[in-house]
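Residues per chain, in single letters:
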Amino acid sequence: MPDGNTIDPVTGKPRLMARKCATCPFRPNNPMHLDEGRLRELIQHNRAVGAALTCHTTLSYGDHPDVGPASCRGFHDAFPDTRVFQIARRFLGGFTEVDPPGEQ
């Protein structure tokens, strides 16, 4: 599933982290050590295009490339009204929640 698509092949629903990963940028104290303003840029861009933010632990070039992408729980919880989340709830029956890789 590491093709960038968050749709779960079994359920047909978008994959969403069941909880914030240990280094979620939406946790206090910047556990990802992002440059100042970077999270704000990511939020603004994704919100402007109605897209989810993919959890960095599920990216194909990250530590767990075979897990497959999933939406960031912190982004979802902060911005549940983002267009892609609304579509998932209304037309796809919600989400398939997955545990953060390496934290099961």
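Remember, it's a predicted structure, so these values are computed and weren't measured experimentally.

A. Geometry of the overall build of the protein chain. Check the secondary structure of the protein chain and you find three helices and two strands. Radius of gyration (C-alpha) of the protein chain: 13 Å, near the 13 Å computed for a compact globule of 104 residues. Expressed along its principal axes, the backbone C-alpha trace of the protein chain runs to roughly 35 × 30 × 20 Å. The proportion of buried residues among the 104 residues of the protein chain is 37%. Counted over contacts in the protein chain with a minimum sequence separation of 6, partners at least 24 positions apart contribute 65%. Just so you have it, the protein chain exposes about 6,100 Å², and 50% of that area is on carbon and sulfur atoms. Taking the average place of the 12 positive charges on the side chains of the protein chain and the average place of its 12 negative ones, the gap between the two points comes to 8 Å.

B. Molecular detail of the packing of aromatic side chains. This model, assessed by the stated rule, comprises four aromatic pairs. Their ring planes at 45 degrees and their centres at 5.3 Å tell us that Phe 75 and Phe 79 sit as a pair that is tilted. This pair shows no difference in class: Phe 75 is buried, exactly as Phe 79 is. Ring-pair connections join several aromatic residues into one group, and the members of that group are Phe 26, Phe 75, Phe 79, Phe 85 and Phe 95.

C. View of the nonpolar core. By size, the foremost hydrophobic cluster in this structure holds 17 residues, and its most contacted members are Phe 26, Ile 43, Cys 72 and Phe 75. If you list the elements that add at least two residues to this core, you get β1 (15-17), α1 (38-49) and α3 (83-91). In contact with Ile 43, not counting residues within four places along its chain, are Phe 26, Phe 75 and Phe 79.

D. View of unusual backbone geometry. For Asn 29, which is not a glycine, the phi torsion comes out positive at approximately 70 degrees. Topologically, Asn 29 is positioned in the loop between β1 and α1. Phi is positive for Asn 30, close to 50 degrees, though the residue is something other than glycine. Within the secondary structure, Asn 30 sits in the loop between β1 and α1. On the basis of relative accessible area, Asn 30 is assigned to the partly exposed category, the value being 31%.

E. Representation of the environment of Val 84 within the structure. Mapped onto the elements of the fold, Val 84 is located in helix α3. Put simply, Val 84 and Ala 51 are 33 residues apart on the chain and 5.6 Å apart in space, counted from C-alpha to C-alpha. Sequence-distant contacts of Val 84, defined by excluding residues within four places in its chain, comprise Gly 50, Ala 51 and Ala 52.

The rules behind these values
- Position numbers for residues count from 1 along each chain, tracking the sequence in the order it is written.
- Side-chain atom pairs in this predicted model are given and counted only at pLDDT of 80 or more, local residue features only at pLDDT of at least 70, and totals for whole chains, interfaces and linings cover all residues.
- Side-chain figures throughout are based on the complete set of non-hydrogen atoms in the structure, without hydrogens or water.
- Strands are runs of DSSP state E lasting at least 2 residues, helices are runs of H or I lasting at least 4, and numbering of each runs from the N terminus.
- Values of the radius of gyration come from C-alpha atoms, whereas the globule rule sets the reference at 2.2 Å times the count of residues to the power 0.38.
- A simple rule labels every residue: compare its accessible area, found with a 1.4 Å probe on the protein chains alone, to the largest value its type can have, and call it buried under 20%, exposed over 50%, or partly exposed in between.
- Note on definitions: a residue-residue contact is assigned when non-hydrogen atoms from the two residues lie within 4.5 Å.
- Residue burial considers only the protein chains on display, and all accessible areas are found by Shrake-Rupley using a 1.4 Å probe.
- His residues and chain termini do not enter the charge count, which takes Lys and Arg as positive and Asp and Glu as negative.
- Lysine's charge is taken at NZ, arginine's at CZ, aspartate's at CG and glutamate's at CD.
- We call Phe, Tyr and Trp rings a pair once their centres come within 6.5 Å, taking the six-membered ring for Trp, and we label the pair stacked below 30 degrees between planes, edge-to-face above 60, and tilted otherwise.
- Only buried residues count toward a nonpolar core. Its members are Ala, Val, Leu, Ile, Met, Phe, Trp, Tyr and Cys residues joined through side-chain atoms within 4.5 Å.

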